[in-house]
Amino acid sequence: MPSIKYTYFDGRGLGEVNRVILAAGGIKYEDVRLHESKWSGMKPTTPMGELPLLEVDGTTICQSNSIARYIAREAGLAGKSSLEQAKVDMIMEGARSLFDKAAQIFILPEAEKAVRKKKLEEKEAPELLEYLNKLASGKGYFVGDQLTAADIALYVNYESVGSLTIALPSLDKYPNLKKVADNVKTNPGIANWLKERPVTTY
Ligand SMILES: N[C@@H](CCC(=O)N[C@@H](CS)C(=O)NCC(=O)O)C(=O)O
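Quick notes on the rules
- Residues numbered from 1 in each chain as written.
- Predicted model: local features only at pLDDT ≥ 70, side-chain atom pairs only at ≥ 80, totals over all residues.
- Heavy atoms only, no water.
- Helix = DSSP H or I, 4+ residues; strand = E, 2+ residues; numbered from the N terminus.
- Rg over C-alpha atoms; globule rule 2.2 N^0.38 Å.
- Buried < 20%, exposed > 50% of the residue type's maximum accessible area, 1.4 Å probe, protein only.
- Pairing = 2+ DSSP bridges.
- Axes fitted to C-alpha atoms, helices over the stretch in contact; angles between N-to-C directions.
- Parallel < 35°, antiparallel > 145°, perpendicular 65-115°, else oblique.
- Contact = heavy atoms within 4.5 Å.
- Near = heavy atom within 4 Å.
- Polar contact = N/O pair within 3.5 Å; in protein donor to acceptor, adjacent residues only side chain to side chain.
- Areas by Shrake-Rupley, 256 points an atom, 1.4 Å probe, with all protein chains shown as cover.
- Nonpolar A, V, L, I, M, F, W, Y, C, P; charged D, E, K, R; others polar.
- UniProt positions renumbered as here; feature names shortened; annotations may be inferred.
- Phe/Tyr/Trp six-rings, centres within 6.5 Å; stacked < 30°, edge-to-face > 60°.
- Domains from an automatic or database assignment.
- Buried area = accessible area lost by both parts, 1.4 Å probe.
- Salt bridge = Lys/Arg side-chain N within 4 Å of Asp/Glu carboxyl O.

**Quick look at the overall build of the protein**
The helix and strand tally for the protein stands at eight helices and four strands. Secondary structure of the protein in N-to-C order comes out as β-α-β-α-β-β-α-α-α-α-α-α. Rg of the C-alpha trace for the protein: 17 Å, near the compact-globule value of 17 Å for 202 residues, within the 12% margin. Each principal axis of the C-alpha distribution contributes one length, and for the protein these read about 45 × 45 × 30 Å. Of all 202 residues assigned to the protein, the portion counted as buried reaches 47%.

Following this line, the structure appears as C-alpha coordinates:
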(Lines give C-alpha, C1' and ligand atoms only; values in the text may rest on other atoms or scores of the structure.)
Protein backbone atom coordinates (compact mmCIF):
# COMPACT_ATOMS: atom_id res chain seq x y z
CA MET A 1 0.00 0.00 0.00
CA PRO A 2 1.58 3.34 -0.99
CA SER A 3 1.61 6.16 1.51
CA ILE A 4 -0.79 8.84 0.24
CA LYS A 5 -1.29 12.40 1.46
CA TYR A 6 -3.85 14.78 -0.08
CA THR A 7 -3.55 18.47 0.71
CA TYR A 8 -6.13 21.17 0.03
CA PHE A 9 -7.76 24.04 1.87
CA ASP A 10 -10.57 23.23 4.31
CA GLY A 11 -13.35 23.41 1.76
CA ARG A 12 -14.73 21.51 -1.20
CA GLY A 13 -13.64 23.77 -4.06
CA LEU A 14 -11.30 22.00 -6.45
CA GLY A 15 -10.53 19.42 -3.78
CA GLU A 16 -13.68 17.48 -3.14
CA VAL A 17 -14.04 15.45 -6.34
CA ASN A 18 -10.75 13.79 -5.50
CA ARG A 19 -11.69 13.12 -1.90
CA VAL A 20 -14.86 11.42 -3.13
CA ILE A 21 -12.97 9.32 -5.71
CA LEU A 22 -10.59 8.25 -2.94
CA ALA A 23 -13.58 7.35 -0.77
CA ALA A 24 -15.24 5.34 -3.56
CA GLY A 25 -12.00 3.42 -4.12
CA GLY A 26 -11.51 2.74 -0.42
CA ILE A 27 -8.05 4.28 -0.74
CA LYS A 28 -6.55 5.19 2.61
CA TYR A 29 -4.89 8.60 2.75
CA GLU A 30 -3.98 11.45 5.02
CA ASP A 31 -6.55 14.23 4.49
CA VAL A 32 -4.58 17.41 5.12
CA ARG A 33 -6.69 20.60 5.29
CA LEU A 34 -4.46 23.59 5.18
CA HIS A 35 -5.38 26.79 6.99
CA GLU A 36 -5.04 29.83 4.68
CA SER A 37 -2.54 31.38 7.10
CA LYS A 38 -0.07 28.53 6.43
CA TRP A 39 -0.34 28.75 2.65
CA SER A 40 2.00 31.64 1.79
CA GLY A 41 4.91 29.87 3.49
CA MET A 42 4.18 26.59 1.78
CA LYS A 43 3.34 27.91 -1.71
CA PRO A 44 6.95 28.25 -2.98
CA THR A 45 7.68 24.66 -1.94
CA THR A 46 4.92 23.23 -4.18
CA PRO A 47 5.32 22.22 -7.85
CA MET A 48 3.11 24.98 -9.34
CA GLY A 49 2.21 27.20 -6.37
CA GLU A 50 -1.32 25.83 -6.17
CA LEU A 51 -3.42 23.32 -4.26
CA PRO A 52 -4.56 20.54 -4.32
CA LEU A 53 -1.52 18.30 -4.02
CA LEU A 54 -1.29 14.53 -3.93
CA GLU A 55 1.82 12.95 -2.49
CA VAL A 56 2.36 9.27 -3.26
CA ASP A 57 5.37 7.68 -1.58
CA GLY A 58 7.14 11.04 -1.69
CA THR A 59 6.23 11.99 -5.29
CA THR A 60 4.08 15.12 -5.47
CA ILE A 61 1.40 15.62 -8.14
CA CYS A 62 -0.59 18.82 -8.58
CA GLN A 63 -3.44 19.92 -10.88
CA SER A 64 -6.76 18.63 -9.61
CA ASN A 65 -7.75 16.90 -12.85
CA SER A 66 -4.39 15.12 -13.17
CA ILE A 67 -4.77 13.91 -9.61
CA ALA A 68 -8.34 12.82 -10.40
CA ARG A 69 -7.22 10.74 -13.38
CA TYR A 70 -4.47 9.07 -11.40
CA ILE A 71 -6.60 8.13 -8.40
CA ALA A 72 -9.49 7.11 -10.65
CA ARG A 73 -7.13 4.65 -12.40
CA GLU A 74 -5.90 3.37 -9.05
CA ALA A 75 -9.48 3.00 -7.82
CA GLY A 76 -10.71 1.25 -10.99
CA LEU A 77 -13.01 4.19 -11.71
CA ALA A 78 -11.31 5.58 -14.81
CA GLY A 79 -13.05 3.50 -17.50
CA LYS A 80 -12.12 0.08 -18.85
CA SER A 81 -10.58 0.99 -22.21
CA SER A 82 -8.65 3.94 -23.54
CA LEU A 83 -11.81 5.16 -25.27
CA GLU A 84 -13.88 4.77 -22.11
CA GLN A 85 -11.21 6.74 -20.27
CA ALA A 86 -11.51 9.53 -22.82
CA LYS A 87 -15.26 9.58 -22.26
CA VAL A 88 -14.81 9.71 -18.50
CA ASP A 89 -12.39 12.63 -18.98
CA MET A 90 -14.86 14.41 -21.24
CA ILE A 91 -17.64 14.26 -18.65
CA MET A 92 -15.28 15.24 -15.84
CA GLU A 93 -14.22 18.35 -17.77
CA GLY A 94 -17.84 19.20 -18.59
CA ALA A 95 -18.94 18.84 -14.98
CA ARG A 96 -15.95 20.84 -13.81
CA SER A 97 -16.86 23.67 -16.19
CA LEU A 98 -20.06 24.14 -14.19
CA PHE A 99 -17.97 24.73 -11.07
CA ASP A 100 -15.51 26.99 -12.89
CA LYS A 101 -18.30 29.20 -14.24
CA ALA A 102 -19.74 29.56 -10.74
CA ALA A 103 -16.37 30.27 -9.12
CA GLN A 104 -15.60 32.98 -11.71
CA ILE A 105 -18.63 34.97 -10.53
CA PHE A 106 -17.06 35.57 -7.14
CA ILE A 107 -14.04 37.37 -8.55
CA LEU A 108 -16.10 39.78 -10.67
CA PRO A 109 -16.67 43.40 -9.62
CA GLU A 110 -19.70 43.58 -7.32
CA ALA A 111 -21.84 45.38 -9.92
CA GLU A 112 -21.45 42.57 -12.46
CA LYS A 113 -22.14 39.61 -10.20
CA ALA A 114 -25.95 39.54 -10.30
CA VAL A 115 -26.18 39.58 -14.12
CA ARG A 116 -23.54 36.87 -14.44
CA LYS A 117 -25.24 34.72 -11.77
CA LYS A 118 -28.62 35.03 -13.48
CA LYS A 119 -27.09 33.98 -16.81
CA LEU A 120 -25.53 30.91 -15.22
CA GLU A 121 -28.70 29.96 -13.33
CA GLU A 122 -31.17 30.55 -16.15
CA LYS A 123 -29.23 29.71 -19.31
CA GLU A 124 -25.78 28.16 -19.04
CA ALA A 125 -26.38 25.64 -16.24
CA PRO A 126 -29.74 24.35 -17.57
CA GLU A 127 -28.23 23.97 -21.06
CA LEU A 128 -25.17 22.11 -19.79
CA LEU A 129 -27.25 19.85 -17.54
CA GLU A 130 -29.52 19.05 -20.48
CA TYR A 131 -26.51 18.02 -22.57
CA LEU A 132 -25.08 15.95 -19.73
CA ASN A 133 -28.46 14.32 -19.14
CA LYS A 134 -28.44 13.07 -22.73
CA LEU A 135 -24.94 11.67 -22.27
CA ALA A 136 -25.85 9.62 -19.19
CA SER A 137 -27.60 6.26 -19.50
CA GLY A 138 -31.05 5.50 -18.14
CA LYS A 139 -29.25 3.34 -15.57
CA GLY A 140 -27.48 6.40 -14.23
CA TYR A 141 -23.96 5.93 -15.56
CA PHE A 142 -22.04 8.07 -18.00
CA VAL A 143 -19.70 5.32 -19.14
CA GLY A 144 -20.43 1.60 -19.28
CA ASP A 145 -22.69 0.12 -16.67
CA GLN A 146 -20.79 0.89 -13.51
CA LEU A 147 -19.71 3.87 -11.46
CA THR A 148 -16.80 5.93 -12.79
CA ALA A 149 -15.12 9.18 -11.85
CA ALA A 150 -17.40 10.85 -14.42
CA ASP A 151 -20.47 10.14 -12.30
CA ILE A 152 -18.65 11.37 -9.20
CA ALA A 153 -17.56 14.59 -10.91
CA LEU A 154 -21.13 15.37 -11.97
CA TYR A 155 -22.52 14.81 -8.48
CA VAL A 156 -19.78 16.65 -6.57
CA ASN A 157 -19.60 19.67 -8.88
CA TYR A 158 -23.39 20.02 -8.91
CA GLU A 159 -23.48 19.91 -5.10
CA SER A 160 -20.55 22.30 -4.73
CA VAL A 161 -22.08 24.87 -7.08
CA GLY A 162 -25.33 24.67 -5.10
CA SER A 163 -23.37 25.39 -1.93
CA LEU A 164 -22.08 28.58 -3.59
CA THR A 165 -25.68 29.86 -3.42
CA ILE A 166 -26.14 29.41 -7.15
CA ALA A 167 -29.73 28.23 -7.74
CA LEU A 168 -29.24 25.31 -10.09
CA PRO A 169 -32.28 23.55 -11.54
CA SER A 170 -33.28 20.48 -9.54
CA LEU A 171 -31.90 17.19 -10.84
CA ASP A 172 -35.52 15.98 -10.84
CA LYS A 173 -35.72 17.71 -14.24
CA TYR A 174 -32.92 15.49 -15.57
CA PRO A 175 -33.91 11.88 -14.88
CA ASN A 176 -30.62 10.33 -16.02
CA LEU A 177 -28.57 12.76 -13.93
CA LYS A 178 -30.83 12.10 -10.95
CA LYS A 179 -29.97 8.40 -11.29
CA VAL A 180 -26.26 9.26 -11.62
CA ALA A 181 -26.48 11.22 -8.35
CA ASP A 182 -28.32 8.34 -6.66
CA ASN A 183 -25.69 5.83 -7.84
CA VAL A 184 -22.94 8.06 -6.49
CA LYS A 185 -24.60 8.70 -3.13
CA THR A 186 -25.35 5.03 -2.53
CA ASN A 187 -21.84 3.76 -3.30
CA PRO A 188 -20.82 2.38 0.13
CA GLY A 189 -17.48 4.21 0.36
CA ILE A 190 -19.04 7.49 -0.76
CA ALA A 191 -22.11 7.13 1.49
CA ASN A 192 -19.74 6.72 4.41
CA TRP A 193 -17.64 9.74 3.35
CA LEU A 194 -20.73 11.95 2.95
CA LYS A 195 -21.78 10.98 6.48
CA GLU A 196 -18.36 11.30 8.12
CA ARG A 197 -16.59 14.11 6.24
CA PRO A 198 -15.74 17.36 7.98
CA VAL A 199 -18.50 19.95 7.60
CA THR A 200 -17.58 22.12 4.61
CA THR A 201 -19.43 24.04 1.95
CA TYR A 202 -17.73 25.35 -1.12
N1 LIG B 1 -5.66 24.33 -12.42
C2 LIG B 1 -5.43 24.15 -11.02
C3 LIG B 1 -5.99 25.33 -10.26
C4 LIG B 1 -5.65 25.23 -8.80
C5 LIG B 1 -6.09 26.44 -8.00
O6 LIG B 1 -6.54 27.46 -8.55
N7 LIG B 1 -5.95 26.31 -6.70
C8 LIG B 1 -6.28 27.40 -5.81
C9 LIG B 1 -7.26 26.92 -4.75
S10 LIG B 1 -8.80 26.44 -5.48
C11 LIG B 1 -5.02 27.84 -5.11
O12 LIG B 1 -4.11 27.08 -4.92
N13 LIG B 1 -5.03 29.10 -4.67
C14 LIG B 1 -3.93 29.66 -3.92
C15 LIG B 1 -2.93 30.36 -4.78
O16 LIG B 1 -3.04 30.36 -6.02
O17 LIG B 1 -2.00 30.92 -4.21
C18 LIG B 1 -6.07 22.83 -10.55
O19 LIG B 1 -7.08 22.41 -11.14
O20 LIG B 1 -5.55 22.22 -9.62
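That covers the picture; the talk isn't over yet.
**Details of the pairing of strand β3 (residues 53-56)**
As judged from the four bridges shared by strand β1 (residues 4-9) and β3, these two strands associate in the antiparallel manner. For Tyr-6, the partnering residue across the bridge sits in β3 and is Leu-54. Sheet topology places β3 next to strand β4 (residues 59-62); four bridges connect them, and they run antiparallel. Among the inter-strand pairings, Val-56 is bridged to a residue of β4, identified as Thr-59. Counted along the chain from β3 to the antiparallel partner β4, the turn is two residues long, and its residue Asp-57 has a positive phi close to 45 degrees.

**Describing the packing of helix α5 (residues 110-135) against helix α7 (residues 175-186)**
Across the interface, α5 lies against α7 with an axial gap of 7 Å and an inter-helix angle of 75 degrees. For the element pair α5 / α7, the angle class is roughly perpendicular. Touching Leu-129, Leu-132 and Asn-133 of α5 are Pro-175, Asn-176 and Leu-177, all from α7.

**Quick look at the site of the ligand**
The environment of the ligand is made up of Tyr-8, Phe-9, Leu-14, Trp-39, Lys-43, Gly-49, Glu-50, Leu-51, Pro-52, Gln-63, Ser-64 and Arg-96. The side chain of Trp-39 places a nitrogen or oxygen atom 2.8 Å from an oxygen atom of the ligand. Take Arg-96: an N or O atom from its side chain is 3.0 Å from an oxygen atom of the ligand. Within the complex, 68% of the 510 Å² of free accessible area of the ligand lies under protein. Its residues assigned to classes, the shell around the ligand comprises six nonpolar, three polar and three charged.

**What to know about the environment of Val-32**
Of note, Val-32 is situated in strand β2 (residues 30-34). Residues Val-32 and Phe-9, spaced 23 residues apart in sequence, show a C-alpha to C-alpha distance of 8.0 Å. Residues within four places of Val-32 in sequence aside, it is in contact with Lys-5, Tyr-6, Thr-7 and Tyr-8.

**Considerations on the UniProt feature "domain: GST C-terminal" (unreviewed entry) in the protein**
When the UniProt feature table is mapped to this numbering, "domain: GST C-terminal" (unreviewed entry) covers residues 81-202. Here residues 81-202 runs as 70% helix and 0% strand, with 33 Å between its end C-alpha atoms.

**Re the packing of aromatic side chains**
According to the stated counting rule, one finds three aromatic pairs in the structure shown. In this structure an aromatic cluster arises from ring pairing among Tyr-8, Phe-9 and Trp-39.

**Quick word on the domain arrangement of the protein**
The domain architecture assigned to the protein consists of domain 1 (4-76 + 190-196) and domain 2 (82-186). On a C-alpha basis, the centroid separation for the pair domain 1 and domain 2 is 21 Å. Taken together, the 17 residues of domain 1 in the interface contact 19 residues of domain 2. Interface of domain 1 and domain 2: buried area, both sides summed, is about 1400 Å²; carbon and sulfur atoms make up 63% of it. Contact with domain 2 buries surface across domain 1, with Arg-12, Val-17 and Arg-69 losing the most and accounting together for 30% of the total. Across the contact surface, domain 1 and domain 2 share two salt bridges. Notably, a salt bridge pairs Asp-89 with Arg-69, separated by 3.0 Å at the nearest N-O pair. Counting every contact that joins domain 1 to domain 2 gives five residue pairs in polar contact (both at pLDDT 80 or more). For the side of domain 1 that touches domain 2, the secondary structure elements donating two or more residues are α1 (16-24), α3 (64-75) and α8 (188-196).

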